[in-house]
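# Chain and residue survey
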Amino acid sequence: MQTEINDLRALIRYHERKYYIENQPEISDAEFDVLMKRLEELEAASDAPIPPDSPTQRVGGGAVLGTRIPHRNPMLSLNNSYDAQELREFGERVQRLLEDAPAEYATELKIDGLGVSLIYEDGVFVRGLTRGDGEYGEDITDNLRTIRSVPLRLVETETRIPAVLEVRGEVFIPKDRLNAINAAREAAGEPPFANPRNAAAGSLRLQDASITASRPLDIFVYNLNYVEGFEFATHTESLEQMKRWGLRCNPHTACHKSIEEVQRYYEQWVEKRHDLPYETDGIVVKVDRFSYQHELGATSKYPRWAIAYKFNAQQATTTIEKIEIQVGRTGVLTPVAILKPVVLAGATITHATLHNEQEIQTKDIRVGDRIVLERAGDVIPKIVEVLTADRTGTEVAFVFPDRCPVCHTAVQRTEDEVAVRCVNVGCIAQLKRRIGHYASRNALQIEGLGPATINQLVDKKLVRDVADLYALEVEPLSKLDRMGVPSARNLVHQIEQSKAAPVEKVLFGLGIFHVGETVAELLIERFSSLDALSKATLEEIESVDGIGPQIAESVVNFFSQSQPLLDKLRQAGLYCFTIAAVPTRTEVSEVTDSFFSEKTFVVTGSLAGMTRTEASKEIKARGGRVTGSVTSKTDYLIAGEGAGSKYAKALELEIPILTETDFFQKLEQRAAE
Ligand code: IVH
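Predicted model, so just to flag it, every value in this text is computed and none were measured. (Residues numbered from 1 in each chain as written. Predicted model: local features only at pLDDT ≥ 70, side-chain atom pairs only at ≥ 80, totals over all residues. Heavy atoms only, no water.)

Enumeration according to the criterion identifies 38 salt bridges in this entry. The salt bridge partner of K479 is E475, with a shortest N-O separation of 2.8 Å. The two residues K479 and E475 agree in class, both being exposed. (Salt bridge = Lys/Arg side-chain N within 4 Å of Asp/Glu carboxyl O. Buried < 20%, exposed > 50% of the residue type's maximum accessible area, 1.4 Å probe, protein only.)

This next bit is on the site of the ligand. The environment of the ligand is formed by 14 residues, the closest being E108, L109, I111, E170 and Y222. In the environment of the ligand, a nitrogen atom lies 3.1 Å from a nitrogen or oxygen atom belonging to the backbone of L109. Y222 is positioned such that a nitrogen or oxygen atom in its side chain is 3.1 Å from an oxygen atom of the ligand. Notes on the ligand: free accessible area 530 Å², of which the protein chains cover 88%. Looking at the shell around the ligand, the elements with two or more residues in it are β3 (105-111) and β10 (280-287). The element best represented in the shell around the ligand is β3, accounting for four residues. Considering only residue class, the shell around the ligand consists of eight nonpolar, two polar and four charged. (Near = heavy atom within 4 Å. Polar contact = N/O pair within 3.5 Å; in protein donor to acceptor, adjacent residues only side chain to side chain. Areas by Shrake-Rupley, 256 points an atom, 1.4 Å probe, with all protein chains shown as cover. Helix = DSSP H or I, 4+ residues; strand = E, 2+ residues; numbered from the N terminus. Nonpolar A, V, L, I, M, F, W, Y, C, P; charged D, E, K, R; others polar.)

With that settled, the discussion passes to the packing of helix α3 (residues 84-97) against helix α9 (residues 259-272). The packing of two helices is summarised by the inter-axis angle and the distance between the axes. Contact pair α3 / α9: the axes reach a minimum separation of 10 Å and the direction vectors enclose 145°. Judged by the twist between their axes, the crossing of α3 over α9 is right-handed. Residues A84, L87, R88, F90 and G91 of α3 form the contact with α9, whose participating residues are I259, V262 and Q263. Grouping the constituent residues of the contact of α3 with α9 by class yields five nonpolar, two polar and one charged. (Axes fitted to C-alpha atoms, helices over the stretch in contact; angles between N-to-C directions. Left-handed = near helix turned anticlockwise from the far one by under 90°. Contact = heavy atoms within 4.5 Å.)

Before going further, it helps to examine helix α17 (residues 517-527). Every buried residue of α17 is listed here: V519, A520, E521, L522, L523, I524 and F527. Tucked into the core, α17 has its buried residues touching α16 (503-509), α18 (530-535), α19 (538-542), α20 (549-561), α22 (612-621) and β22 (625-627).

Quick look at α20 now. An ideal rise of 1.5 Å per residue puts 18 Å on 13 residues; α20 measures up with 19 Å between its terminal C-alpha atoms. Of the positions making up α20, those classed as buried are I551, A552, S554, V555, F558 and F559. One side of α20 holds all its buried residues, which, seen down the axis, span an arc of 165°. Away from its buried face, by an angle of more than 90 degrees, α20 presents the exposed residues P549, Q550, E553, S560 and Q561. (Expected span 1.5 Å × (residues − 1). Arc of directions from axis to C-beta.)

Note on sheets: strands pair through backbone hydrogen bonds, and any given pair is parallel or antiparallel. A sheet is described by the order of its strands in space; here five strands give the open sequence β2-β11-β10-β3-β9, paired in mixed fashion. With one partner strand each, in any of the chains shown, β2 (80-81) and β9 (254-256) form the two edges of the open sheet. In this sheet, strand β11 (residues 306-310) lies alongside β2 in parallel orientation, the contact comprising two bridges. Residue N80 lies in a different strand from β11, and its bridge partner there is A308. Its contacts with the sheet put α3 on β2, β3, β10 and β11, and the angle it makes with β11 is roughly 170°. Running at roughly 25° to β3, α9 makes contact with β3, β9, β10 and β11 of the sheet. (Pairing = 2+ DSSP bridges.)

Okay, the pairing of strand β23 (residues 636-639) next. Residues Y636 and I638 of β23 are buried on one face, and the alternating residues L637 and A639, pointing to the opposite face, are buried as well. Pairing between strand β21 (residues 600-604) and β23: four bridges, direction parallel. Across the sheet, residue T604 finds its bridge partner in β23, namely A639. Pairing of β23 with strand β24 (residues 657-659), which is carried by three bridges, proceeds in the parallel orientation. Its bridge partner being in β24, L637 is matched across the sheet by I657. Note on the crossover from β23 through helix α23 (residues 645-652) to β24: the handedness is right-handed. (Right-handed = clockwise from strand over helix to strand, strands pointing away.)

A separate point is the packing of aromatic side chains. Two descriptors summarise a pair of aromatic rings, namely the distance from one centre to the other and the angle between the planes of the rings. Per the counting criterion, the structure on display carries 19 aromatic pairs. Ring plane angle 65° and centroid distance 5.2 Å describe the contact between F220 and Y278, whose orientation is recorded as edge-to-face. Linking F220 in strand β8 (residues 218-227) with Y278 in the loop between α9 and β10, this pair joins segments that are 58 residues apart in sequence. The pair F220 / Y278 is uniform in exposure class, with both members buried. Relative to W245, the ring of F230 has its centre 5.1 Å away and its plane inclined at 90°; by these criteria the two rings are edge-to-face. One end of the pair, F230, is in the loop between β8 and α8 (235-244); the other, W245, is in the loop between α8 and β9, and 15 residues separate them in sequence. For the pair F230 and W245, one class covers both residues: buried. (Phe/Tyr/Trp six-rings, centres within 6.5 Å; stacked < 30°, edge-to-face > 60°.)

Pairing within the open sheet is antiparallel, and its four strands lie in the order β5-β4-β7-β8. The open sheet has two free edges, formed respectively by β5 (124-130) and β8, since each of these has just one partner strand. Between one strand axis and the next, the sheet turns by 30° as a mean value, whatever way the strands run. Pairing between strand β7 (residues 164-172) and β8: eight bridges, direction antiparallel. Along β8, the bridge assignment pairs G169 with V221. Most of the contacts of helix α6 (residues 196-204) go to strand β4 (residues 114-121), to which it runs at about 40°, and overall it touches β4 and β7. Strands β7 and β8 of the sheet are contacted by α8, whose axis makes an angle of about 120° with β8.

Written out as structure tokens, the structure is:
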């Protein structure tokens, strides 16, 4: 039986390589599955231990993820260049340092993913690390094992297998797979990933390797970092050997005798890169000869023998046809440019936010202006330049309105903020946004109640506040535009279901100024119910850890005016008025020796691996406190991607900031004990 097992393993490895690494499958998926199943059966029936490099062992293991492990040598980053001039300067510097020895350059694509290090001992994959801080990486071996294009064992061909081999590469998610992942996340109530890079990073850091296994991760190995018993003269040679050992390297590599040739290679890819199934944000240029690389050495951050030559963010030029004002939930007036439709990075763009009055003034944006739009990654397009040279004199300066465009109430400008507000709480535009917020995913989550429906409900006066939603009936609803009886039935059902929402969701859904998800949770932890909270005094609310005077005032102010609304919601039958709220959802743990215990944290921005609520739960479970705003009492700010004002505040108050990686490490520290 052992012979059959060994033969099967070799056969499956061969087909895995054909399929995942060389993209040339020789058998069907079904045939492959049969082989795998057979191997599993034989392994189960055999008494021999299953080696970790058996193809059946991709998911499992159970090692603690995220342990900090030192890199053999620092995992450096790359210096960037953005134009032909900067590239030439790199070439000149190299030539000067090498005293004009004839350097050749290897070029390859810069893959936009997450850098990792893979270590093989006697041909077996034993460890994988993230880049971490460059000196220490996090152990993500179990997650990397789930990637089918990471061989668990190197191929022994005409060459030997080295005793130790360490290679570095980039883990990524193909562009077209992001949509599927995001659809699944949204269905699960999780925020979508902004781009394939975040999706890859988030997937690699998951604690549960079986979830990682379900993500379509892939890898390209781009550097041989360390090898025992082999000598290679050039990077190009090392790539060839790595391919022979069965590692997956990107096929688009080249070797050039001059920097001018490198420039042409780059130009070829400026357009062609859009046809690739993965994101690339530039090319990487490397001095090919290893002896020259050693001579050139590195600074503390970058090697002097390599440079990234980045592609420009994608841009398009179009015209501003109109500037409209949108009224937000809290009455803030936001100017939006209506554009002559233009295609940018595969999407038709018709709008771009102008943020606020000040932005229009500083950039001197006028109606009729030609502008340059930019879209980096998958983010919302922004106006990066006004082409003032193209002006014809017919452009019109925009006068920011003094009245709300919807209810015509005079707007309010305050000195301490750039926002201009409509202060009429009865403003129809605000009401529509408030209802949208109440129904949104993180609040009451009423599916099927989109802007088109809300607009009609408010315009037809079927809904005057959020409580009116609960009185809606199928018949009148089905008469709305683009609604039929089935959709109307479904909507009524969804609204009915929302009655069971937990009290903190309802509180958040009410849209009180300054009461975001975290603050809502804090308030409910302390006061348990909306009734108790509505009776609380300013002092009582302010005494809650993490709640400042501004929030407290806003809450008191809201409840002093909203008793009728609360009564209406109670009569509608929201469960949170009748079921006694469970005061703390996460039991404060006994742990007193964890890094988190007795400390106060604020979480901001988006974390790739978990939602903010999940992060708060993890902290609380370790004895820490989570508050909504950064004050002098905050011990640490945990800053994810897109962190903004809280980040600035923490810098100002000199509060230590933990990156997402730091945070995950701290979480792991305790799990590792
Ligand atoms: S070589 C010391 N080659 O880009 C040289 N890096 O912005 C190490 N990257 O940290 C890097 N594709 O994670 C190299 N073909 C490629 C690459 C590549 C993507 C990543 C890598 C690096 C980052 C620097």
